[in-house]
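Notes for the structure review
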Amino acid sequence: MKRVVITGAGTVNALGLDVPSTLAAMAEGKCGIGELNFRDVDRLAIKIGGQIHAWDAEGQFNRQQMALYDRFTQFTLVAAQQAIGQSGLEFVGELALRSGVILGTSGGGLTTQDDNYRMVYEEGKNRVHPFVVPKLMNNAACSHVSMEYNIKGPCYTVATACASSNHAMGQAFNMIRCGMSTAMITGGSESMLCFGGVKAWEGLRVMSKDACRPFSLNRNGMVQGEGAAVFVFEEMEHAQKRGAEILAEVIGFAMTSDASDIVMPSKQGAARAISGAITDARINKDEIGYINAHGTGTAANDKTECAAVADALGAHADNIMISSTKSMHGHLIGGTGAVELLACIMALKDGIIAPTINYEEPDPECALDVVPNEARDAKVDVALSNAFAFGGLNAVLALRKAP
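Residues numbered from 1 in each chain as written. Predicted model: local features only at pLDDT ≥ 70, side-chain atom pairs only at ≥ 80, totals over all residues. Heavy atoms only, no water.

**A few points about the overall build of the protein chain**
Helix and strand content of the protein chain: 14 helices and 14 strands. Expected size for 403 residues packed as a compact globule is a radius of gyration near 22 Å; at 20 Å, the protein chain falls within 12% of this value. Taken over the C-alpha atoms alone, the protein chain extends approximately 65 × 55 × 40 Å along its principal axes. Residues classed as buried in the protein chain amount to 60% of the 403 residues present. Summarising the internal contacts of the protein chain: among those between residues at least 6 apart in sequence, 78% fall at separations of at least 24. Counting every atom, the protein chain has about 15400 Å² of accessible surface; 50% of that belongs to carbon and sulfur. Both charge centroids of the protein chain, one from 33 positive and one from 43 negative side chains, sit 4 Å from each other. (Helix = DSSP H or I, 4+ residues; strand = E, 2+ residues; numbered from the N terminus. Rg over C-alpha atoms; globule rule 2.2 N^0.38 Å. Buried < 20%, exposed > 50% of the residue type's maximum accessible area, 1.4 Å probe, protein only. Contact = heavy atoms within 4.5 Å. Areas by Shrake-Rupley, 256 points an atom, 1.4 Å probe, with all protein chains shown as cover. Lys, Arg positive; Asp, Glu negative; His and termini not counted. Charge placed at Lys NZ, Arg CZ, Asp CG, Glu CD.)

Written out as structure tokens, the structure reads:
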């Protein structure tokens, strides 16, 4: 079995347009959630989100590219450019053939769908742009990354709602570990902050109108965000031979299905995923210092996740730090696990634990160390990243400090 390391990272999200600014915001406990600004927002009951207001698509892509790139693809390409640039990899020859792209998304080109449904149904137009299908398809982002960087190995998109990015990164990890690939571009992207995207989520009645407060007794729902995070996963020996900087090592992955309810989470399913990642990583429970929680800020999710962590880790659950960065950048749905992996890397590499901000009241059913409101300096050797999705789909990654 090959060892797998991370040699590049890139991101675009409400906290920052690159990794350094994002990590600085996480360390400072900044909130990227604010008022939404798009067409017909006044018709929505929910008017806040982790929107990227400073996005300048026209300044980064030409007219031909804009015709092909939905907002979620734009985010992905910029994050991929950062990650691949940091890694120093050039995909030529054998490396191009032995590298791939696996990305996660839930909505794909939802803004393109929203715009074109409006044109046809509201404005009465009878024609749409010929590139609408290739622009909105869920695999658009990974396909454009492969074409941009000459990556000719496995290339596909994973869509498992809120666990999409973790499932994608887990698959990328396994492909390198088993020897199928040398390097993989992986992570996830989402852009659902449009009228149709938010209106659909309003119907679930799980959205907060004022703030995301994971684990706080007075929490009142989740807040959506948008953006992308992309990583270069690489076979460790290959990375070491070329003298690459290693950000962290990926050591384990597990995925489970609750097989119970389409929206209500299961403690047993989540606990099995956490335990599975620990087993796969061949570590002891007491080696884990930090967990980046799924932590959506809904009562059902937060209580279930805390119970699952307690079940999986036993007495050690009281000794670890567990925080939800969704309180800062919002819930990126299919892209959220990728942005959250940055917090795990920061914990391992820099010894800084991102906080759960907006925490106001302790909840007896969430009685773990949730790192309330302020970041913390701590030495962490192993971290987990949780993702638990609608449909009962769970995916947990385990990471270790760079060797």
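We are not done yet, so read on.
**With respect to a nonpolar patch on the surface**
A grouping of L204, I262, V263, M264 and F390 is seen on the molecular surface, where their side chains present a nonpolar patch of about 440 Å² in accessible area. Among the secondary structure elements, L204 is positioned in the loop between α9 (195-202) and β7 (227-235). (Patch = residues over 30% accessible without salt bridge, like charges linked within 9 Å, V, L, I, M, F, W, Y side chains within 5 Å. Salt bridge = Lys/Arg side-chain N within 4 Å of Asp/Glu carboxyl O.)

**What to know about the nonpolar core**
Residues I6, M26, F231, F233 and Y290 are the most contacted members of the largest nonpolar core, which totals 67 residues. Element by element, the count of residues in this core is highest for helix α14 (residues 336-350), at 10 residues. Residues contacting M26, with those up to four places away along its chain left out, are L15, T325, M328, H329, V339, A343, M346, A354 and P355. (Core = buried A, V, L, I, M, F, W, Y, C linked by side-chain atoms within 4.5 Å.)

**Looking at the sheet that holds strand β10 (residues 321-323)**
Read from one edge to the other, the open sheet built from 10 strands follows the order β5-β4-β6-β7-β1-β8-β14-β13-β9-β10, with strand pairing classed as mixed. The open sheet is flanked by β5 (155-158) and β10, the only strands paired with a single partner. When the angles between neighbouring strand axes are averaged without regard to direction, this sheet yields 25°. Packing of helix α3 (residues 71-87) onto the sheet brings it into contact with β1 (4-13), β4 (99-104), β6 (183-190) and β7, and relative to β1 it is tilted by some 140°. (Pairing = 2+ DSSP bridges. Axes fitted to C-alpha atoms, helices over the stretch in contact; angles between N-to-C directions.)

**Side note on the side chain of S216**
Tracing the backbone shows S216 in the loop between α9 and β7. Engagement of the side chain of S216 in a polar contact is seen with the backbone nitrogen of E361, the distance being 3.0 Å. For S216, the residues in contact, after removing those within four places along its chain, are N358, Y359, E360 and E361. (Polar contact = N/O pair within 3.5 Å; in protein donor to acceptor, adjacent residues only side chain to side chain.)

**Considerations on the environment of N358**
Structurally, N358 is set in the loop between β11 (352-353) and β12 (376-377). The spacing of N358 and G29 is 329 residues in sequence and 9.4 Å in space, taken between C-alpha atoms. Contact partners of N358, with chain neighbours within four places excluded, come to A211, C212, R213, S216, S327 and N373.

**Notes on helix α5 (residues 110-122)**
In this model, α5 (13 residues) spans 17 Å end to end at C-alpha, consistent with the 18 Å of a helix rising 1.5 Å per residue. Check the buried side of α5 and you find it contacts α3, α6 (132-136) and α9. Looking at the residues trailing α5, positive phi occurs at G124, about 75°. (Expected span 1.5 Å × (residues − 1).)

**Description of the packing of aromatic side chains**
Considering all chains together, one arrives at 4 aromatic pairs under this definition. Aromatic pair W55 and F75: ring centres 5.0 Å apart, planes at 80°, arrangement edge-to-face. Here W55 is found in the loop between β3 (48-49) and α2 (63-66), whereas its partner F75 is found in helix α3, with 20 residues between them in sequence. Relative accessible area serves as the criterion here: at 0%, F75 is assigned to the buried category. Relative to F390, the ring of W201 lies with its centre 5.9 Å away and its plane at 20°, an arrangement referred to as stacked. (Phe/Tyr/Trp six-rings, centres within 6.5 Å; stacked < 30°, edge-to-face > 60°.)

**Observations regarding the pattern of salt bridges**
The tally for this structure, following the rule as stated, stands at 26 salt bridges. For K125, the salt bridge goes to E123, with nearest N and O atoms at 3.9 Å. A relative accessible area of 38% places E123 in the partly exposed class. The network of salt bridges with shared partners includes R39, D40, R43, D114, R118, E122, E123 and K125.

**Quick notes on the packing of helix α11 (residues 267-281) against helix α12 (residues 299-313)**
Put simply, α11 and α12 touch, their axes get as near as 8 Å, and they point 45° apart. Taken together, α11 and α12 sit at an angle that is classed as oblique. You can see that α11 and α12 cross each other, and the crossing is right-handed. Across from K267, A270, A271, I274, S275 and I278 in α11, the residues of α12 making contact are T304, A307, A308, V309, D311, A312 and L313. Looking at the contact of α11 with α12, its residues break down into 9 nonpolar, 2 polar and 2 charged. (Parallel < 35°, antiparallel > 145°, perpendicular 65-115°, else oblique. Left-handed = near helix turned anticlockwise from the far one by under 90°. Nonpolar A, V, L, I, M, F, W, Y, C, P; charged D, E, K, R; others polar.)

**Details of helix α1 (residues 19-28)**
Residues of α1 that are buried: V19, T22, L23, A25 and M26. Relative to the axis of α1, the buried residues are bounded by an arc of 160° and lie together on one face. In α1, the exposed residues that point more than 90 degrees away from the buried face are P20 and E28. Of the surrounding elements, those touching the buried residues of α1 are β1, α3, α13 (326-329) and α14. (Arc of directions from axis to C-beta.)

**Some details on unusual backbone geometry**
The backbone phi angle of N358 is positive, close to 70°, even though this residue is not glycine. Its identity as a non-glycine residue notwithstanding, N373 has a phi of 70°, on the positive side. Relative to the assigned elements, N373 resides in the loop between β11 and β12.

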